[in-house]
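# Analysis of the macromolecular model
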Amino acid sequence: MIIKRQFEKGDSIERFKVLAILLLIISYLFCAERTFAEQIITITWYYDESQTFVVSEYTKTASVGEIYIYASVSRFKMYVEPVVLDSQDVVVKSVNIGNTKISMSQDKPTKINNFIRGILSLRFDLDEAAGDFQVSLTFVFLPF
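Because the structure is a prediction, the values reported are computed rather than measured.

### Things to note about unusual backbone geometry
Despite not being glycine, lysine 60 shows a phi value in the positive range, around 60°. As for its position among the elements, lysine 60 is in the loop between strand S1 (41-46) and strand S2 (61-84). At asparagine 114, a position not held by glycine, the phi torsion is positive, near 70°.

Shown next, in the form of structure tokens:
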């Protein structure tokens, strides 16, 4: 069924209202699309995967190259989930990028403004008798 309507002189205000509402809806959709647009995080990590990293006897830390994390958004949150693969006696106590301590808890992620860079260092709780072990790091990124 097609309904035709004839416009009268007073209808120009009605057409303006309809046009204004349509423009508001379109602009809202455009802004919503930009808000939920793809957000990209770029990680550049300079280290040699085949290299064995030495844990300092005194500080119990190991430096694992330089890392640079950049986001296409102005702010984001992140945390890291470290897992020691080859040893029951080793625990990762902290993970730092430069001077920033990265949270290891999803409940309190670290807030980052656009980017972070620096030496990636891990501090361990381990005995001097601990042998070789591997560590897996899973970085989790969240919207601000």
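### Comments concerning a negative patch on the surface
A cluster of acidic residues, Glu57, Asp89, Asp125, Asp127 and Glu128, forms a negative patch at the surface. Here aspartate 89 lies in the loop between S2 and strand S3 (91-97). Residue aspartate 89 is classed as exposed on the basis of its relative accessible area of 53%.

### Quick word on the pattern of salt bridges
Counted under the stated rule, the structure contains one salt bridge. We note a salt bridge from glutamate 66 to arginine 117, for which the minimum N-O separation is 2.8 Å. Of this pair, glutamate 66 sits in strand S2 while arginine 117 sits in strand S5 (residues 110-125), and the two are 51 residues apart along the sequence. For glutamate 66, a relative accessible area of 29% gives the class partly exposed.

### Description of the pairing of S2
Within a regular strand, side chains alternate between the sheet's two faces. Here S1 runs beside S2; their pairing, made up of six bridges, is antiparallel. When the bridges of S2 are listed, threonine 44 appears paired with tyrosine 68. The pairing of S2 with S5 spans 12 bridges and is classified as antiparallel. If you follow glutamate 66 over to S5, its bridge partner there is isoleucine 119.

### Some words on the environment of tyrosine 47
On the secondary structure map, tyrosine 47 appears in the loop between S1 and S2. Take tyrosine 47: its relative accessible area is 33%, and that puts it in the partly exposed class. When the C-alpha positions of tyrosine 47 and valine 64 are compared, they lie 6.5 Å apart, and in sequence the two are 17 residues distant. The residues contacting tyrosine 47, other than those within four sequence positions of it, are Phe53, Val64 and Gly65.

### Focus on the environment of glutamate 38
Inspection of the secondary structure assignment puts glutamate 38 in the loop between helix H1 (11-35) and S1. Considered as a pair, glutamate 38 and serine 72 are 34 residues apart in the sequence and their alpha carbons are 8.8 Å apart.

### A look at the packing of aromatic side chains
Taken as a whole and judged by the stated rule, the model has six aromatic pairs. Considering the side-chain rings of tryptophan 45 and tyrosine 47, the 4.4 Å spacing of their centres and the 40° angle between planes classify their relative orientation as tilted. With centroids separated by 6.0 Å and ring planes inclined at 35°, the aromatic side chains of tyrosine 68 and phenylalanine 115 adopt a geometry described as tilted. In this pair, tyrosine 68 sits in strand S2 while phenylalanine 115 sits in strand S5, placing the two residues 47 residues apart along the sequence. Judged by its relative accessible area of 43%, phenylalanine 115 is partly exposed. Among the aromatic residues, ring-to-ring pairing joins Trp45, Tyr47, Phe53 and Phe139 into one connected group.

### Description of the confidence of the model for the protein chain
Should pLDDT be low for a region, the predicted coordinates there are not to be read in detail. Across the protein chain, the average pLDDT comes to 80, with 74% of residues at or above 70. The spread of mean pLDDT over the elements of the protein chain runs between H1, the lowest at 59, and strand S4 (residues 100-102), the highest at 96. A low-confidence stretch, residues 1-7 (pLDDT under 50), is modelled with three contacts involving residues beyond four sequence positions or located in other chains.

What counts as what
- Residues numbered from 1 in each chain as written.
- Predicted model: local features only at pLDDT ≥ 70, side-chain atom pairs only at ≥ 80, totals over all residues.
- Heavy atoms only, no water.
- Helix = DSSP H or I, 4+ residues; strand = E, 2+ residues; numbered from the N terminus.
- Patch = residues over 30% accessible without salt bridge, like charges linked within 9 Å, V, L, I, M, F, W, Y side chains within 5 Å.
- Areas by Shrake-Rupley, 256 points an atom, 1.4 Å probe, with all protein chains shown as cover.
- Salt bridge = Lys/Arg side-chain N within 4 Å of Asp/Glu carboxyl O.
- Lys, Arg positive; Asp, Glu negative; His and termini not counted.
- Charge placed at Lys NZ, Arg CZ, Asp CG, Glu CD.
- Buried < 20%, exposed > 50% of the residue type's maximum accessible area, 1.4 Å probe, protein only.
- Pairing = 2+ DSSP bridges.
- Contact = heavy atoms within 4.5 Å.
- Phe/Tyr/Trp six-rings, centres within 6.5 Å; stacked < 30°, edge-to-face > 60°.
- pLDDT = per-residue confidence, 0-100.

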